[in-house]
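# Results of the structural survey
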Amino acid sequence: MKEIKTIGVLTSGGDAPGMNACIRAVTRAAIYQGWRVMGIHRGYLGLYEGDIKELTTESVSNTIKMGGTILKTARCMEFMTEDGRKQAYENVLKFGIDALIVIGGNGSLAGAQVFALEYDIPVIGIPGTIDNDLYGTKATIGYDTALNTIVECVDKIRDTASSHDRIFFIEVMGRDAGFLAQMSAIAAGAEAALIPEDNTGKDQLGEFISRGIRKSKNSSIVIVSESPKDGKGAEYYAKRVRKEYPQYDVRVSILGHLQRGGTPSSVDRILASRLGVAAIEALNEGQRNIMVGIDSNEIVYVPINRAIKMDKPIDKDLIHLLSVLSI
Ligand code: F6P
């Protein structure tokens, strides 16, 4: 295998709190190893356009506490085409990049996988997404911070819900995964979580209503996963309740992009630092086309195609736990 002297690092897809801590860790661990680091701006778009500048230990100073990504990010259509990837590879050669570190979610790692196979370049993926939907890792960078942000918002909405005796449907992000919805519902003491993984064909809202929409209190909080696939977001459920139970005072709150912003939690900073260093150590050991992840507090290597293709299961016991706690 070709000796590594220079690596490229990019962040891609949706930004996530902790990405900067990860860029910092990748940069410093690579320099520690004696390698040069090229920062690729705006994800694959920067690779395609050649928007690439060297990173030094100083360029990542004081970034550990910052939300967003200093390298910027994008969802790049050109990289989805063979011609686009060919042009990106020309920039890999032009900037002398021997290996690529990709920090991002499912789509970003899928792009990395295709590129690695087409051009025989070592790629290491690092899970960076608030959705926590990558298989093989217990957590992804940004998930913990987003969860804390959601819980803070739900606590505030609870004040209004209980003062006005209202039912609130609060929609949270997660794309096709219900981790943020399920865990925030537990942490915020919500009455229910409507998540795409609970897909036994049963009517989740109907179940919630038949359990007694309001038992021990006069207000309810239902966390709804955004579920872009079936379009059953918070508005869908609110409309149903308004129609079928007009006696209830229903409101909808869509938390939106505020869930992606803000200073990363300590948990995310530590995770990002560990995964960043692990990615460089994996490259140094000769690993390629893997994602570094965390499981039982240990670093694990997951083949990228498994991380992106396998469905990460939700903990079904927690569905039961939530219904026990919401009586
Ligand atoms: O993947 C992260 C995420 O925030 C999802 O939860 C959400 O569905 C999506 O990105 C929103 O994407 P955009 O910022 O492009 O609207």
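Residues numbered from 1 in each chain as written. Predicted model: local features only at pLDDT ≥ 70, side-chain atom pairs only at ≥ 80, totals over all residues. Heavy atoms only, no water.

### Structural notes on the nonpolar core
Defined as follows: Among buried residues, those of type Ala, Val, Leu, Ile, Met, Phe, Trp, Tyr and Cys that are joined through side-chain atoms within 4.5 Å constitute a nonpolar core. Partly exposed describes any residue whose relative accessible area lies between the buried limit of under 20% and the exposed limit of over 50%, with all areas from a 1.4 Å probe on protein chains only and scaled to the type maximum. Helix and strand definitions follow DSSP, with helices as H or I runs of at least four residues and strands as E runs of at least two, each counted in order from the N terminus. Throughout, the edges of the domains are those of an automatic or database domain assignment.
Among the nonpolar cores identified, the biggest contains 61 residues, and Ile7, Ile101, Ile126, Ile221, Ile223 and Val292 are the most heavily contacted of them. The greatest single-element share of this core, amounting to 9 residues, is contributed by helix 5 (residues 143–164). Both domains that meet at this core, namely domain 1 (6–142 + 264–309) and domain 2 (144–260), each give it at least three residues. If you look at the next biggest cluster of nonpolar residues, it comprises 28 residues, including Tyr44, Cys76, Val92 and Ile304.

### Considerations on the packing of aromatic side chains
How we decide: To pair, rings of Phe, Tyr and Trp, with the six-membered ring standing in for Trp, must have centres within 6.5 Å; the planes then decide the type, stacked if under 30 degrees apart, edge-to-face if over 60, and tilted in the middle. Counted as over-ring charges are cases with an Arg CZ or a Lys NZ within 6 Å of the ring centre that also lie within 35 degrees of the ring normal.
Taken as a whole and assessed by the stated rule, the structure comprises 7 aromatic pairs. Between the aromatic rings of Tyr44 and Phe79, the centroid separation amounts to 4.0 Å while the plane-to-plane angle is 10 degrees, which identifies the pairing as stacked. With Tyr44 in helix 2 (residues 43–49) and Phe79 in the loop between strand 3 (52–55) and helix 3 (82–94), this pair connects stretches of sequence that are 35 residues apart. Residue classification places Tyr44 among the buried residues on the basis of a relative accessible area of 5%. With a centroid separation of 5.2 Å and an interplanar angle of 55 degrees, the aromatic rings of Phe79 and Phe115 are classed as tilted. A residue pair is termed long-range when its members are at least 10 positions apart, and Phe79 in the loop between strand 3 and helix 3 and Phe115 in helix 4 (residues 106–119) qualify at 36 residues. Using a relative accessible area of 0% as the deciding quantity, one classes Phe115 as buried. Geometry around Phe179 places Lys312 over its ring, the cationic atom sitting 5.3 Å from the centre.

### Observations concerning the site of the ligand
Heads up, the condition is: Think of it this way: one heavy atom of a residue within 4 Å of a molecule or strand is enough to make that residue near it. Any pair of nitrogen or oxygen atoms within 3.5 Å is treated as a polar contact; in protein, a donor-acceptor pairing is required on top of that, and neighbouring residues in sequence qualify only through side-chain atoms on both sides. Reported accessibility uses the Shrake-Rupley method at a 1.4 Å probe radius. Residues are deemed covered only where the shown protein chains occlude them. Following the grouping adopted for this structure description, the nonpolar residues are Ala, Val, Leu, Ile, Met, Phe, Trp, Tyr, Cys and Pro, the charged ones are Asp, Glu, Lys and Arg, and the polar ones are all others, Gly among them.
The local shell around the ligand consists of Arg75, Thr129, Ile130, Asp131, Met173, Gly174, Arg175, Glu226, His257 and Arg260. Residue Arg75 places a side-chain N or O atom 3.0 Å away from an oxygen atom belonging to the ligand. Here the ligand, which alone exposes 400 Å², has 75% of that area covered by the protein. Here the shell around the ligand is built from residues that sort into 2 nonpolar, 3 polar and 5 charged. Mapping the shell around the ligand onto the domain boundaries places at least three of its residues in each of domain 1 (6–142 + 264–309) and domain 2 (144–260).

### So, the sheet that holds strand 3
For clarity, the threshold we go by: Should DSSP find at least two bridges between two strands, the strands are taken to pair. To get an axis, a line is fitted to the C-alpha atoms, and for a helix only the part in contact is used. The angle between two axes follows their N-to-C directions and goes from 0 to 180 degrees.
The strand order across the open sheet formed by 7 strands is 3-2-1-4-5-10-11, and the pairing between neighbours is mixed. Looking at which strands have only one partner, the edges of the open sheet turn out to be strand 3 and strand 11 (298–303). Shown here is a sheet whose adjacent strand axes are inclined to one another by a mean of 30 degrees, direction ignored. Inspection of the sheet shows strand 1 (residues 6–11) paired to strand 4 (residues 99–104) by 5 bridges, in the parallel sense. Bridging across to strand 4, Leu10 finds its partner in Val102.

### Some words on the domain arrangement of the protein
Stated formally: The contact criterion used is simple: two residues touch if any of their non-hydrogen atoms lie within 4.5 Å. The quantity reported as buried area is the accessible area (1.4 Å probe) lost by two parts once they are put together, taken as the sum for both. When a carboxyl oxygen of Asp or Glu is within 4 Å of a side-chain nitrogen of Lys or Arg, the pair counts as a salt bridge.
In terms of domain boundaries, the protein breaks down into domain 1 (6–142 + 264–309) and domain 2 (144–260). Here the C-alpha centroids of domain 1 and domain 2 sit 33 Å apart. Contacts between domain 1 and domain 2 engage 13 residues on the former and 12 residues on the latter. Between domain 1 and domain 2, the buried area comes to about 1100 Å², and carbon and sulfur atoms account for 49% of it. Taken as a group, Asp15, Ile130 and Asp131 account for 45% of the area that domain 1 buries against domain 2, more than any other trio of residues on that side. For the interface between domain 1 and domain 2, the tally reads 1 salt bridge.

### Remarks on helix 1 (residues 19–32)
Note the threshold: The span one expects for a helix is its residue count, reduced by one, times 1.5 Å.
Over its 14 residues, helix 1 runs 20 Å from end to end, which matches the ideal 20 Å to within 8%, given 1.5 Å per residue. Counting buried residues in helix 1 gives 10 out of 14 residues, a clear majority hidden from the surface. For helix 1, the complete set of buried residues consists of Met19, Asn20, Ala21, Cys22, Ile23, Ala25, Val26, Thr27, Ala29 and Ala30.

### Overview of unusual backbone geometry
You will see that Asp120, though not glycine, has its phi angle at about 50 degrees, which is positive. Tracing the backbone through its elements, the reader meets Asp120 in the loop between helix 4 and strand 5 (123–127). Since its relative accessible area comes to 58%, Asp120 is described here as exposed. With a phi angle near 55 degrees, Asn132 is a residue other than glycine that sits in the positive phi range.

### Some words on the packing of helix 3 against helix 4
Basically, it comes down to this: Orientation is classified from the angle alone, with under 35 degrees giving roughly parallel, over 145 giving roughly antiparallel, 65 to 115 giving roughly perpendicular, and any other angle giving oblique.
At a closest axis distance of 11 Å, the pairing of helix 3 and helix 4 adopts a crossing angle of 70 degrees. As summarised for this structure, helix 3 and helix 4 are arranged roughly perpendicular, according to the angle between their axes. Residues Glu82, Arg85, Lys86, Ala88, Tyr89 and Val92 of helix 3 form the contact with helix 4, whose participating residues are Val114, Phe115, Glu118 and Tyr119. In the contact of helix 3 with helix 4, the residues fall into 6 nonpolar, no polar and 4 charged.

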